[in-house]
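Coordinate inspection notes
Here's the letter readout for the chains.
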Amino acid sequence: MGFSELLLPALGGYWLLTRLNLTRFRATRAWGYRVLFQSALAGVVLYIAAHSAVTLMQNHLPRFSRLAENLQSYLPGDYTDKVVLSIALGFVIPLLLNLLFRAKPAARAAAKIHGDFIELLISDAVDGQELIEVTLESGKCYIGIAVESGIESYSEGHGDLSLIPMASGYRDNNTRELVITTDYASVINQSFEDPEDLELEDFRVVVPMERIQSARLFRPEVYELFWEQGLASSASVSSQTQD
C-alpha cells in the first residue's frame, strides 16, 4: 500500500468528520492532533468499506470488474479504484445521513458533552423567544429577546448571539448586582409611533459568544422583587444606623 493510499482516504475521513452532522460539531471542539487521528481512523474505515465493496462486486458482478480495470488504467500512480471509492464515500455519506440527522440536535448534543451550558441556555432562549440576560467580560450587561445563536455554526470556540435589546447596564464591581442604565424598550416603542419606517431588526445587537461571561433567562417580575427587597433592606440598615 503506497503513501497515497493512506493519505487520500484520510482526506476523505476528514471531510466526513467535518461535514457529517453527527460528528462535525465535536470535531470543531477537538484539538488539532485529535482531529488528525480521528480523520486517519475514519479514512481506514472508509478504505476497508471500499475494499470490501470492490471485492464483493468483482466476485459477483463481472461487468464491474471490467469497469474497474478500465478505471484503473486512467488513474495515476497508486490511485486504485478502492482509494477513489473511499474518497467518494467520504463525500457522499454526509450528504445522505444529514437528511436523517439534523444539525441542531447534533450541535446541542456536542455542546452538552463538552459542558458548553451557556451555549445550550442561549439556544433554549432562542427556541422560546425568551428574554435573556448576558454579562460580558467587561461587565456590560444586555437584556433582550434572543433571536439567533451560533450553536449550529460553532467553529473553534467562535459563535455569535443575536438579540433585540430591551435594556442594558452593568454589574456592580463590589456587589455584582445588576444596574440597568438604558431602557431600549421605551425607545423601541416610541420609534414605532413615529412615521419612520423602522423594524425590530434595526435594533439588533450581536454579541460574540467568547465574550459572554455568564447568561441566564431574565424574568422581569423576579428582578423587580429582588430590587424592592434590596430597597427595603437598605432602608432598614439606614434606619438602624441612624438609631
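Quick summary incoming for the structure in this document. (Residues numbered from 1 in each chain as written. Predicted model: local features only at pLDDT ≥ 70, side-chain atom pairs only at ≥ 80, totals over all residues. Heavy atoms only, no water.)

**Observations concerning the overall build of the protein chain**
What the protein chain contains, in helices and strands, is nine helices and six strands. The buried share of the protein chain, reckoned over its 243 residues, is 33%. Sequence separation of at least 24 residues holds for 63% of the intrachain contacts in the protein chain that already meet a minimum separation of 6. Carbon together with sulfur atoms contributes 59% to the accessible area of the protein chain, which is approximately 15,200 Å² in total. (Helix = DSSP H or I, 4+ residues; strand = E, 2+ residues; numbered from the N terminus. Buried < 20%, exposed > 50% of the residue type's maximum accessible area, 1.4 Å probe, protein only. Contact = heavy atoms within 4.5 Å. Areas by Shrake-Rupley, 256 points an atom, 1.4 Å probe, with all protein chains shown as cover.)

**Overview of the pattern of salt bridges**
A complete count under the given rule lists six salt bridges for this structure. A salt bridge links Glu 133 to Arg 171, with the nearest nitrogen and oxygen atoms 2.4 Å apart. Of this pair, Glu 133 sits in strand β1 (residues 131-136) while Arg 171 sits in strand β3 (residues 160-171), and the two are 38 residues apart along the sequence. With respect to class, Glu 133 is no different from Arg 171; both count as buried. Across the pair Glu 133 and Arg 216 runs a salt bridge, and its minimum N-O distance is 2.6 Å. Here Glu 133, found in strand β1, pairs with Arg 216, found in strand β6 (residues 212-217); they are 83 residues apart in sequence, far enough to count as distant. Judged by relative accessible area, which is 2%, Glu 133 ranks as buried. (Salt bridge = Lys/Arg side-chain N within 4 Å of Asp/Glu carboxyl O.)

**Focus: the pairing of strand β2 (residues 140-149)**
Pairing analysis gives five bridges linking β1 to β2, with the strands arranged antiparallel. By the bridge assignment for β2, Leu 131 is matched with Ile 145. Between β1 and the antiparallel strand that follows it, β2, lie three residues; Gly 139 among them carries a positive phi value of about 95 degrees. Pairing between β2 and β3: nine bridges, direction antiparallel. Paired with Ser 149 across the bridge in β3 is Leu 161. (Pairing = 2+ DSSP bridges.)

**A short note on helix α7 (residues 117-128)**
Between the first and last C-alpha of α7 there are 16 Å, a value that for 12 residues agrees with the 16 Å anticipated at 1.5 Å per step. Among all positions of α7, only Glu 119, Leu 120, Ile 122, Ser 123, Ala 125 and Val 126 are buried. Contacts from the buried residues of α7 go to α6 (103-113), β1, β2, β3 and β6. Residue Gln 129 follows α7 closely and has a positive phi angle near 50 degrees. (Expected span 1.5 Å × (residues − 1).)

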